[in-house]
Amino acid sequence: MPDDSRRAERGLMEFYADDPEGAERRLFGRVPYPDRRGFLRGAGLAALSAAVGAAIPFHRNMPSGFLPLALAESAGAIPGKDGLTVLNDRPVNAETPAHLLDDRVTPTARHFIRNNGIAPEDTSPDGWMLTVDGLVTNPMELSIDDLRSQFEVVTEQLTLECGGNGRAFFDPPASGNQWTYGAVASSNWTGVRLADVLKAAGVQDKAIYTAHYGADGHLSGDPDKLPISRGVPIEKAMNPHNLIAFEMNGAPIHPMNGAPLRLVIPGWPGSCSQKWLTRIQLREVVHDGPKMTGTSYRVPEYPVAPGQEVPKEDFEIIEAMPVKSLITSPATGLETSDRLIEVRGHAWAGDDKVAKVEVTNDFGETWIEAELEEPANPYAWQHWKAEVSFPEHGYYEVWARATTDTGVMQPFAIAWNPKGYLNNSMHRVSVRVS
Ligand SMILES: Nc1nc2c(c(=O)[nH]1)N[C@H]1C(S)=C(S)[C@@H](COP(=O)(O)O)O[C@H]1N2
Ligand SMILES: [Mo]
């Protein structure tokens, strides 16, 4: 009788021996990080044992190049990041649990990562060049030193949120990264103003849109394909708070957040903020790069019912992100004997300012106005806090809602759309008082 199980095992071994990365991807839908991949290819038994923290009694049965599960599970440990939840590791996508976003200024270690392709291996600033071309009178090639010396260097706290943050809560579900709350951050960014660079290049009258290009590779490995290239209308590009940034929180940008140079275009979907920036081109048409067309970062022009089919031509490009707030303390699931709890978090509102944040712990019967801070600068999120009292022991939910200075309030329920963008429904946390 043929021994199928043995053959399957041998098959697996061969599979791994030829193409460990491909094998890993096909079997488990994931691969280790580039550095770990390099390490594994040549790893001896001693190194593997050290990596998993124990001797491996049946090591002889392990296919060569095999990724031990213990390592795969620790893949959340992205160097320089702390406590992020990894949604996917090819491309790398990781979000931050809400209670780890409590700082007024998001530390680099807590800034989410959203990659559409494969991050470039070499992110050294030496020799990095930015091209500014298209409909400009004076096309430019600028090194990072040129940017620093020819333009005013500024630091601003800027909020970046992925257009798909909150997608996990759509019903029927929307495909794509299942972000919950944590694809948002507000770090200090240092760089030069995009507007200053465009003015120096001389914006021609015909130019209506920017096109952004970065150095990351397409998932397919095809060097002729780009993972993402988006742009913004010239009016938005000229906003003085957009930066071409080379520092994040006073240090070089984290490699996964776009080192050594990136755009930060706050208030609009994070996808406008090209990482690993190599080129900004001005165009006389709405940019049509990858993830700019079809239904990418677009929503129906009119309200739709959950699950409704919407023709492609009825989608429009997402511009400003909607008003939203996050409860960063307490963490959901708090069990406490305290009857008075400080609830706090942040609120932000696309191109607008937040005027009011309110919280409730009685399912919306009464709302308490939170103390709301001014933003550090326009486009920084605003910190808020409120003392909330809990009359007796039992189960509570705390909800928060923000309202803009133009009177727009966060909704309770999600406005469903086919791709699961712009979920700004109220954040809720549970509290058990004993
Ligand atoms: N070159 C490049 N830039 C990019 C992306 C990318 O995949 N490649 N992702 C975009 C998206 S969708 C978002 S939400 C933000 C995320 O920025 P972060 O990873 O620094 O948090 O980067 C944007 N810039
Ligand atoms: Mo995004």
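In this text the structure is predicted, and so the values were computed from the model without any measurement.

Colleague: Would you explain the sheet that holds strand β4 (residues 129–134) in this entry?
Modeller: Backbone-to-backbone hydrogen bonds join strands into a sheet, with any given pair of strands oriented parallel or antiparallel. The four strands lie next to each other as β5-β4-β12-β8, forming an open sheet whose pairing is mixed. Of all strands in the sheet, those bounded by a partner on one side alone are β5 (140–143) and β8 (209–214). Looking at each pair of strands side by side, their axes are set apart by 15° on average, direction ignored. When β8 meets strand β12 (residues 277–283), the two strands line up antiparallel, connected through six bridges. Within the sheet, the bridge partner assigned to Thr210 lies in β12 and is Leu282. Helix α7 (residues 194–201) rests against β4, β5 and β12 of the sheet, and its axis sits at about 140° to β5.

Colleague: It is not clear to me how α7 should be interpreted in this structure. Could you clarify?
Modeller: Residues that lie three or four places apart on an α-helix share one face, since the helix turns once every 3.6 residues. For α7, the complete set of buried residues consists of Leu194, Ala195, Val197, Leu198 and Ala201. All buried residues of α7 lie within an arc of 165° about the axis, which places them on one face of the element. Downstream of α7 by a residue or two, Gly202 has a phi angle that is positive, lying close to 80°.

Colleague: Looking at this structure, how should I read the pairing of β8?
Modeller: In the case of a regular strand, side chains alternate between the two sheet surfaces. Most of β8 is tucked away, with six of its six residues classed as buried. By the alternation rule, side chains of β8 split into Tyr209, Ala211 and Tyr213 and Thr210, His212 and Gly214, which are all buried.

Colleague: For this particular structure, what's the right way to read the pattern of salt bridges?
Modeller: Proximity of charged atoms lets side chains of opposite charge pair with each other. By the definition in use, this model includes 15 salt bridges. Between Arg110 and Asp82 there is a salt bridge, and its shortest N-O distance comes to 2.8 Å. Residue Arg110 is found in the loop between β2 (92–95) and β3 (113–114), and its partner Asp82 is found in the loop between α5 (69–73) and β1 (85–89); the two are separated by 28 residues along the sequence. Its salt-bridge partner being Glu373, residue Arg104 comes within 2.6 Å of it at the nearest N-O pair. Here the residue Arg104 occupies a position in the loop between β2 and β3, and Glu373 occupies one in the loop between β20 (371–372) and β21 (382–389), the gap between them amounting to 269 residues.

Colleague: Any chance you could explain the pairing of strand β22 (residues 394–404) here in plain terms?
Modeller: Of all 11 residues in β22, nine are buried; the element is thus mostly enclosed. In this structure, strand β18 (residues 354–360) lies alongside β22, joined through six bridges in antiparallel fashion. Across the sheet, the residue bridging to Lys356 is Thr403, located in β22. In the sheet, β22 pairs with strand β23 (residues 427–433) via seven bridges, with the strands oriented antiparallel. Following the sheet pairing, Ala400 is matched in β23 by His427.

Colleague: How do you make sense of a negative patch on the surface when you look at a structure like this?
Modeller: Side chains of Glu121, Asp122, Asp126 and Asp145 sit close together on the surface and give a patch of like negative charge. Tracing the backbone through its elements, the reader meets Asp145 in helix α6 (residues 144–150). In this structure Asp145 comes out as exposed when scored by relative accessible area, which is 58%.

Colleague: Honestly, the sheet that holds β18 in this entry has me stumped. Any pointers?
Modeller: Pairing is mixed in the open sheet, where five strands are placed in the order β16-β23-β22-β18-β19. Two strands lie at the open edges of the sheet, namely β16 (334–336) and β19 (368–369), each paired on one side alone.

Colleague: Would you mind going over the side chain of His111 with me for this structure?
Modeller: Within the element layout of this structure, His111 appears in the loop between β2 and β3. In terms of polar contacts, His111 uses its side chain to reach the side chain of Asn257, at 3.4 Å. Setting aside residues no more than four positions away along its own chain, His111 makes contact with Lys81, Leu84, Thr96, Thr106, Leu160, Ala185, Ser187, Trp189, Met248 and Asn257.

Conventions we followed
Residues numbered from 1 in each chain as written. Chains lettered and ligands numbered in written order. Predicted model: local features only at pLDDT ≥ 70, side-chain atom pairs only at ≥ 80, totals over all residues. Heavy atoms only, no water. Pairing = 2+ DSSP bridges. Helix = DSSP H or I, 4+ residues; strand = E, 2+ residues; numbered from the N terminus. Axes fitted to C-alpha atoms, helices over the stretch in contact; angles between N-to-C directions. Contact = heavy atoms within 4.5 Å. Buried < 20%, exposed > 50% of the residue type's maximum accessible area, 1.4 Å probe, protein only. Arc of directions from axis to C-beta. Salt bridge = Lys/Arg side-chain N within 4 Å of Asp/Glu carboxyl O. Patch = residues over 30% accessible without salt bridge, like charges linked within 9 Å, V, L, I, M, F, W, Y side chains within 5 Å. Areas by Shrake-Rupley, 256 points an atom, 1.4 Å probe, with all protein chains shown as cover. Lys, Arg positive; Asp, Glu negative; His and termini not counted. Charge placed at Lys NZ, Arg CZ, Asp CG, Glu CD. Polar contact = N/O pair within 3.5 Å; in protein donor to acceptor, adjacent residues only side chain to side chain.

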